[in-house]
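Residue strings, one per chain:
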Amino acid sequence: MSVNVGYRYRYAVTALFYLAVTLFIILLIAQTPRIDGWGNWIALLTFTFLTVTARLLRIRLGEQSIHLALGVELPLFLQFGVVVTVTVAIVSWMIVQFAFVRSLRFRRTQFTVGMIILSIIFAAFAYRLAGGGTTSRVWQPALLDVAWPASVFIVVHFSINYLLSRSVSLAKTQPLPTDWAVSSLWDVGALAVDVLAAAAFISFSHNFGLQGIFLGSVSFFILLYMFRLYSNLIVANRQLSTINRLTVDLTAFLEEDKLLRLLVEGVPRLVPCNACGVFAPDLQGELVAVAIHAASPELEQLMIKERFLPGEEGIKEAFERGVTVERHNRRIEKRQEAPTEEMLGSSLSQVSSFIAVPLRYHERTLGVLALVHRDRFAYGRRDVEMMQILSN
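Here goes a summary of the coordinates provided. Note that the coordinates shown come from a computational prediction; the quantities given were computed from them, not determined experimentally.

### Quick word on the overall build of the protein
- A count of helical and extended segments in the protein gives 13 helices and eight strands.
- Per-residue burial for the protein yields a buried fraction of 50% across its 392 residues.
- In the protein, the proportion of contacts linking residues at least 24 apart, taken out of those at least 6 apart, comes to 70%.
- Here the protein has roughly 19400 Å² of accessible surface; of this, 63% comes from carbon and sulfur atoms.

### Things to note about the pattern of salt bridges
- In this structure the tally under the stated criterion is one salt bridge.
- Between Arg 55 and Glu 73 there is a salt bridge whose closest N-O contact spans 3.5 Å. You can see Arg 55 sitting in helix α2 (residues 38-56) and its partner Glu 73 sitting in helix α3 (residues 70-80), a full 18 residues away along the chain. An identical accessibility class is assigned to Arg 55 and Glu 73; each is buried.

### Digging into the packing of aromatic side chains
- With the rule as written, the count across this model stands at eight aromatic pairs.
- Relative to Phe 201, the ring of Phe 47 has its centre 5.7 Å away and its plane inclined at 55°; by these criteria the two rings are tilted. Placement of the pair is Phe 47 in helix α2 and Phe 201 in helix α7 (residues 180-208), with a sequence separation of 154 residues.
- Here Phe 47 falls in the buried class, since its relative accessible area comes to 0%.
- The class for Phe 201 is buried, based on a relative accessible area of 0%.
- Ring plane angle 20° and centroid distance 4.9 Å describe the contact between Phe 77 and Phe 153, whose orientation is recorded as stacked. One end of the pair, Phe 77, is in helix α3; the other, Phe 153, is in helix α6 (residues 147-171), with 76 residues separating them in the sequence.
- Assessed through its relative accessible area of 6%, Phe 77 is described here as buried.

### Notes on the side chain of Asp 194
- Relative to the assigned elements, Asp 194 resides in helix α7.
- No salt bridge is formed by the buried Asp 194. Its closest oppositely charged neighbour is Arg 55, at 10 Å.
- With residues up to four places along the chain from it excluded, the contact list for Asp 194 reads His 67, Leu 68, Ala 69, Leu 70 and Gly 71.

### Here's the deal with the nonpolar core
- Membership of the largest hydrophobic core comes to 37 residues, with the highest contact counts inside it found for Leu 74, Val 82, Ile 117 and Phe 153.
- For this core, the secondary-structure elements that each account for two or more residues are α1 (3-30), α3, α4 (82-101), α5 (106-129), α6 and α7.
- Ranked by residues supplied to this core, first place goes to α5 with eleven residues.
- Apart from residues lying up to four places away in sequence, Leu 74 is in contact with Ala 150, Phe 153, Ile 154, Ala 198 and Ile 202.
- Counting residues in each nonpolar core, the second largest holds 25 residues, with Ile 35, Phe 80, Ala 197 and Leu 224 among its members.

### Concerning the environment of Pro 33
- Secondary-structure assignment places Pro 33 in the loop between α1 and α2.
- Taking the C-alpha atoms as reference points, Pro 33 and Val 83, separated by 50 residues in sequence, lie 6.8 Å from one another.

### Considering the pairing of strand β3 (residues 275-281)
- The buried fraction of β3 amounts to six of the seven residues, a majority that puts the element mostly inside the structure.
- Note that β3 and strand β4 (residues 287-294) share seven bridges and pair antiparallel. From the neighbouring strand, Val 278 faces β4, where its bridge partner is Ala 291.
- Taking the residues between adjacent antiparallel strands as the criterion, β3 and β4 are bridged by five residues, where Gly 285 takes a positive phi near 85°.
- As paired elements, β3 and strand β8 (residues 364-373) share five bridges and run antiparallel to each other. Each bridged residue has a counterpart across the sheet, and for Val 278 the counterpart in β8 is Leu 369.

### Quick word on helix α10 (residues 297-304)
- Considered for burial, the residues of α10 that qualify are Leu 299, Leu 302 and Met 303. Projected down its long axis, α10 shows its buried positions confined to an angular sector of 95°, all on one face.

### As for the packing of α2 against α3
- Two numbers describe how α2 lies on α3: the axes approach to 10 Å, and their chain directions differ by 160°. As the angle between them shows, α2 and α3 are arranged roughly antiparallel. Handedness of the crossing formed by α2 with α3: left-handed. The residues of α3 that touch α2, namely those facing Asn 40, Ala 43, Leu 44, Phe 47, Leu 50, Thr 51 and Arg 55, are Val 72, Glu 73, Pro 75, Leu 76, Gln 79 and Phe 80.
- Looking at the contact of α2 with α3 residue by residue, the class counts come to eight nonpolar, three polar and two charged.

### Some words on the environment of Ala 289
- Position of Ala 289 relative to the elements: it lies in strand β4.
- We classify Ala 289 as partly exposed; its relative accessible area is 21%.
- With residues near it in sequence (within four places) discarded, Ala 289 still touches Val 278, Phe 279, Met 303, Ile 304 and Glu 306.

### Here we look at α5
- A rise of 1.5 Å per residue sets the reference length of α5, with its 24 residues, at 34 Å; its end C-alpha atoms lie 35 Å apart and thus fit the reference within 8%.
- Most of α5 is tucked away: 18 of the 24 residues are buried.
- Positive backbone phi, at 100°, marks Gly 131, one or two positions downstream of α5.

Here is what the cut-offs are and how they apply
Residues numbered from 1 in each chain as written. Predicted model: local features only at pLDDT ≥ 70, side-chain atom pairs only at ≥ 80, totals over all residues. Heavy atoms only, no water. Helix = DSSP H or I, 4+ residues; strand = E, 2+ residues; numbered from the N terminus. Buried < 20%, exposed > 50% of the residue type's maximum accessible area, 1.4 Å probe, protein only. Contact = heavy atoms within 4.5 Å. Areas by Shrake-Rupley, 256 points an atom, 1.4 Å probe, with all protein chains shown as cover. Salt bridge = Lys/Arg side-chain N within 4 Å of Asp/Glu carboxyl O. Phe/Tyr/Trp six-rings, centres within 6.5 Å; stacked < 30°, edge-to-face > 60°. Lys, Arg positive; Asp, Glu negative; His and termini not counted. Core = buried A, V, L, I, M, F, W, Y, C linked by side-chain atoms within 4.5 Å. Pairing = 2+ DSSP bridges. Arc of directions from axis to C-beta. Axes fitted to C-alpha atoms, helices over the stretch in contact; angles between N-to-C directions. Parallel < 35°, antiparallel > 145°, perpendicular 65-115°, else oblique. Left-handed = near helix turned anticlockwise from the far one by under 90°. Nonpolar A, V, L, I, M, F, W, Y, C, P; charged D, E, K, R; others polar. Expected span 1.5 Å × (residues − 1).

Here it is in structure tokens:
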């Protein structure tokens, strides 16, 4: 990413954040929330727990990340209003980042908080324009009474999130993914599940009060489980198809450079990563890059310059011991100054996750296949197993 593009991205995110915070402060002064009664406090804690769960159990499809928090935010808004909904959404995202992801990057925090505030505020405004009444801190209204304004709330909320995400991607000059149509279909599918979850919450709460929220929670977990199960089947089928195509391609070439290039370009279609590379020993015994594929030319050049000395952990460890090495919260480079966030465009500057798998032929280790991701704890057991399959 060029310096001009980096500044443009930074200014866009900063402007988004300050606009959102200003609107929220104005709204907070005009509509100071009040929560009366122990029943409402129990409901609020339940909704907060469900929002955290929805963001924690997000569904990963390549670099796409989907969560079903909107299915909880709509009934939360109907029950407590826009200020409480915004607060719960931000707090739940912060809890997931601190307690589970264990990282909080400045630009990403600005963008996410700004997007949460603007999407909920504009959705609430659209809800009022569509004829929705004010919340009264009582149990949910009848589903048919709010069907139209609630539908408008969901559509506007989804549209604001989608447009802001695309706009920031354009500010970083990141093109649309090649499978953007499939990604959009998954977003719409998640939106349909959100609608079902919200409808269950509203119906049960209207008929059963506080007990209805717990019944709605059961429905929410069932829908979340079914959606995750279906997505896992789709991902497994996609990975199997990609492996078959990659195997055919690899057997069609004999030149080493073409084989390695096909390998590093095919791996990101199976396991999410910001950079993928093959490292092999040079005459001095250091592991150097022989094939690299990265999300940006700057990151690719950074990885090409990497050299791993004997005895170092990570990639060198995988080569010398012939075992798979998985690390989290690690710096990419050992002796170079960390690249700036604007340079990489993906907040890969400080810490990341990586997997290093030895490439073995018979009993001999020829090199190491390595993946790097900008997020901590980005890889799970299935990703490690997939890498081991590819290395063989």
